[in-house]
Amino acid sequence: MMAALIFVVSLVTLLMFFVSYCRSLMASSARHTLSREVRDVTGIPASASSRDFVRVIQLMRLCPERPQDRTGLQAVGLYYDILGLIEKTVARVLPALNMWTEQERAGCANFAVVLLDRRIAFSREIIAQQGEF
Amino acid sequence: MPGSVASLIWYLGTALELAFVVCSIARKSFLRYFFLNLYFLLAVGSSVGRHLILSSFGQSSDQYRYAYFYTDALLTLALYVALISLFSDVLGEFRFGKYVRLSAVLLLLGTAVFSYGVIAQSTERLSTKFAYELSQNLYFVGLVLTYLLWGTVVKLRETRARLVQFILALGLYFSAYAASYALVNLASKYAVINLMGPILGCLLPLSWTITIWRYSEEARLVPAQLVAVPR
C-alpha cells in the first residue's frame, strides 16, 4: 500500500518536473528571431500553431542533424505526444484544459521551428565549409 | 558478477559521470560547479573501488556488501551537498548563504539522528544498516528539497538556463528514482524493474553533461515560460 502511494506521488512529481523541463527547453529558444528563410519554407509568419509541429519535424528531416539538439527535440516530442493524448481524452470534457494543451502544443511547434532555423543555418555552414576545399 | 546488461549500464554510467567532469573543465566551469563535479568524481572513484572489490571477493562477499553500502551513503551525502550548493546559488544574491548552510547541516544531523533511531533496536551490523537507512532517508529529504528549490526558482523568476536545467534534471532524477524504488517493492519479480535504478543513475550525468555543454554561463531563459499555468 505504502509502495503504491510512493509510486503514485513520485509519478506526479516526475510529470511535473518533466513538464517544467520541457518548458525550460522551449523557454531557452523563446528569444530567437526567426530568419526569413525559415518563415518562407514553413509559411509561418511569426508564431506556429499546434498543428504545425508534425510538418516542421518532416521539414527538419530534410536537413543535416545537429547533435546538440537531439535530446531536446526528443523530450519536447514526447511532451507533444503526451499533450496530444490529453487533448484526445480528458480535455474533451474540460474546455479550459483543451485551451491549455492547444497553447502548449503551439509552444512545442515554435520550439521545432527554431530548431529548423538552426538546422538550416548549420546546413549553410557545412556547404560553405565544403566550398572552401 | 552482475549480468552483462547490468555491467554495461554500470560502465555507461561511469563514463557519463566522467564526461560531465571533462565537459565542465572544457567549459571552464569546474570551480563554478565544484560540488557537482565533486559528486561525480566520488561516483567514479566509488565505481572503480566497487569494481576492484567485486573482482577480488565476489558479489556475495561481506567486503563487497560493506563497500557498496558505505560508498552509497557517501555518494548520497555528496549529492545532498551538491543540492545545497544549488540552493546557495539560487539564494546567493539575497545573502542567505550562511543560513542555507546552517539549515542544511541541521537537517543532515536531524536525518542522521532519525536514521539512528530507526535502526537502534537492531543488533546485527549496526553501521551497515545505519549507512543504508541514512542513504534512503537522505534521498527522500533530497526529493523534498529539490521540490522546494524548484518552487524558489519559479518564485524568484530565475533566468540562468544552466542552473534551472540542473535543478529540473535533479528533480526528474529524484522522482524517477523514488518511482523505481516503489516499483521494485511492488513487482521485484520482473528483472527489467531491477535494472531501472541503474538506468536512471545514468540519466542524471547525461542530462547535466548536455546542459553544461549546450548552455554557457551567460545563457538566460524567459522566466514567465517556466510555469505551466501563467499567473
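Definitions and limits used
- Residues numbered from 1 in each chain as written.
- Chains lettered and ligands numbered in written order.
- Predicted model: local features only at pLDDT ≥ 70, side-chain atom pairs only at ≥ 80, totals over all residues.
- Helix = DSSP H or I, 4+ residues; strand = E, 2+ residues; numbered from the N terminus.
- Buried ≥ 20, exposed ≤ 12 C-beta atoms within 10 Å, placed from the backbone.
- Contact = placed C-beta atoms within 7 Å.
- Rg over C-alpha atoms; globule rule 2.2 N^0.38 Å.
- Nonpolar A, V, L, I, M, F, W, Y, C, P; charged D, E, K, R; others polar.
- Core = buried A, V, L, I, M, F, W, Y, C linked by C-beta atoms within 7 Å.
- Expected span 1.5 Å × (residues − 1).
- pLDDT = per-residue confidence, 0-100.
- Axes fitted to C-alpha atoms, helices over the stretch in contact; angles between N-to-C directions.
- Parallel < 35°, antiparallel > 145°, perpendicular 65-115°, else oblique.
- Left-handed = near helix turned anticlockwise from the far one by under 90°.

**Q** Which parts of the structure should I look at to understand the overall build of chain B?
**A** Helix and strand counts for chain B stand at eight helices and zero strands. Tracing chain B from N to C terminus, the helices and strands come up as α-α-α-α-α-α-α-α. Overall, chain B is about 50 × 40 × 35 Å in size when its C-alpha atoms are taken along their principal axes. Split into buried and exposed, the 231 residues of chain B put 33% on the buried side. Across chain B, contacts joining residues at least 24 apart in sequence account for 69% of those joining residues at least 6 apart.

**Q** Any chance you could explain the overall build of chain A here in plain terms?
**A** For chain A, the count of helices and strands is five helices and zero strands. Each helix and strand of chain A, ordered N terminal to C terminal, gives the series α-α-α-α-α. A globule of 133 residues ought to have a C-alpha radius of gyration of about 14 Å, yet chain A, at 18 Å, is considerably larger. In terms of principal-axis extent, the alpha carbons of chain A reach across some 65 × 30 × 25 Å. Per-residue burial over chain A gives 30% buried out of 133 residues. Sequence-distant contacts in chain A: of pairs separated by 6 or more residues, those separated by 24 or more amount to 80%.

**Q** In this structure, what is going on with the interface of chain B and chain A? I would like to understand it.
**A** It is common to give the size of an interface as the accessible area lost on bringing the parts into contact. Contact with chain B, which involves 24 residues of that partner, is made by 22 residues of chain A. Only helix H5 (126–155), helix H6 (161–186) and helix H8 (196–214) of chain B provide two or more residues apiece to the side of chain B that touches chain A. The greatest single-element share of the side of chain B that touches chain A, amounting to 14 residues, is contributed by H6(B). Looking at the side of chain B that touches chain A residue by residue, the classes come out as 18 nonpolar, five polar and one charged.

**Q** Teacher, can you tell me more about the nonpolar core here?
**A** One recurring pattern in soluble globular proteins is that nonpolar side chains are buried together. If you look at the biggest cluster of nonpolar residues, it comprises 73 residues, and the most contacted ones within it are A:Ala112, B:Leu83, B:Leu86, B:Ile167 and B:Tyr173. Sort the elements by how many residues they give to this core and H6(B) lands first, with 18 residues. Residues in contact with A:Ala112, not counting those within four places in the same chain, are A:Phe53, A:Val56, A:Ile57 and A:Met60.

**Q** When you look at helix H2 (residues 34–57) of chain B in this model, what are you seeing that I'm missing?
**A** Residue pairs spaced three or four apart in an α-helix point in one direction, given the helix's 3.6 residues per turn. Residue and element names in this part refer to chain B. Helix length check: H2 (24 residues) gives 34 Å between terminal C-alpha atoms against 34 Å at 1.5 Å per residue, within 8%. Inspection of H2 places Leu36, Asn37, Tyr39, Phe40, Ala43 and Ser46 among the buried residues, and these make up the whole buried set. The elements touched by buried residues of H2 are helix H1 (4–26), helix H3 (62–91) and H8. Following H2 by one or two positions, Gly58 adopts a phi angle in the positive range, close to 95°.

**Q** I tried to follow the confidence of the model for chain B on my own but got confused; where do I start?
**A** For residues with low pLDDT, the predicted coordinates do not support detailed interpretation. Chain-level pLDDT for chain B is 87 on average; 93% of the residues reach the 70-or-more range. Mean pLDDT across the elements of chain B bottoms out in helix H7 (residues 191–194) of chain B (72) and peaks in H2(B) (95).

**Q** What am I meant to see in unusual backbone geometry here?
**A** Residues and elements named next belong to chain B. Positioned with a positive phi, Lys28 is a non-glycine residue whose angle comes to about 55°. Of note, Lys28 is situated in the loop between H1 and H2. Despite not being glycine, Arg157 has its phi angle at roughly 55°, a positive value. The residue Arg157 is located in the loop between H5 and H6 in this model. A count of 12 C-beta atoms within 10 Å places Arg157 in the exposed class.

**Q** Just to check I follow, could you spell out the packing of helix H1 (residues 2–27) of chain A against helix H4 (residues 70–88) of chain A for this structure?
**A** When two helices pack together, their arrangement is given by the angle between the helix axes and the distance between those axes. All names here are of chain A. Put simply, H1 and H4 touch, their axes get as near as 10 Å, and they point 125° apart. As far as their axial angle goes, H4 and H1 are oblique. In the crossing of H1 with H4, the sense of the turn from one axis to the other is left-handed. When H1 is examined against H4, the residues Tyr21, Cys22, Leu25 and Met26 are found in contact with a partner set consisting of Gly72, Ala75, Val76 and Tyr79.

**Q** What is the right way to read the environment of B:Phe34 from this model?
**A** Residue and element names in this part refer to chain B. Structurally, Phe34 is set in helix H2. The exposure class of Phe34 is partly exposed, given the 13 C-beta atoms found within 10 Å. In this structure the C-alpha to C-alpha distance between Phe34 and Ser24, which are 10 residues apart in sequence, comes to 9.4 Å.

**Q** What is the right way to read the packing of H3(B) against helix H4 (residues 97–119) of chain B from this model?
**A** Residues and elements named next belong to chain B. Closest axis-to-axis distance for the H3/H4 pair is 9 Å, and the angle between their directions is 155°. Between H3 and H4, the angle is such that the two are roughly antiparallel. Where H3 crosses over H4, the two elements pack in a sense that is right-handed. Of H4, the residues touching H3 (which contributes Tyr80, Ile84, Phe87, Ser88 and Leu91) are Gly97, Val100, Ala104 and Leu108.

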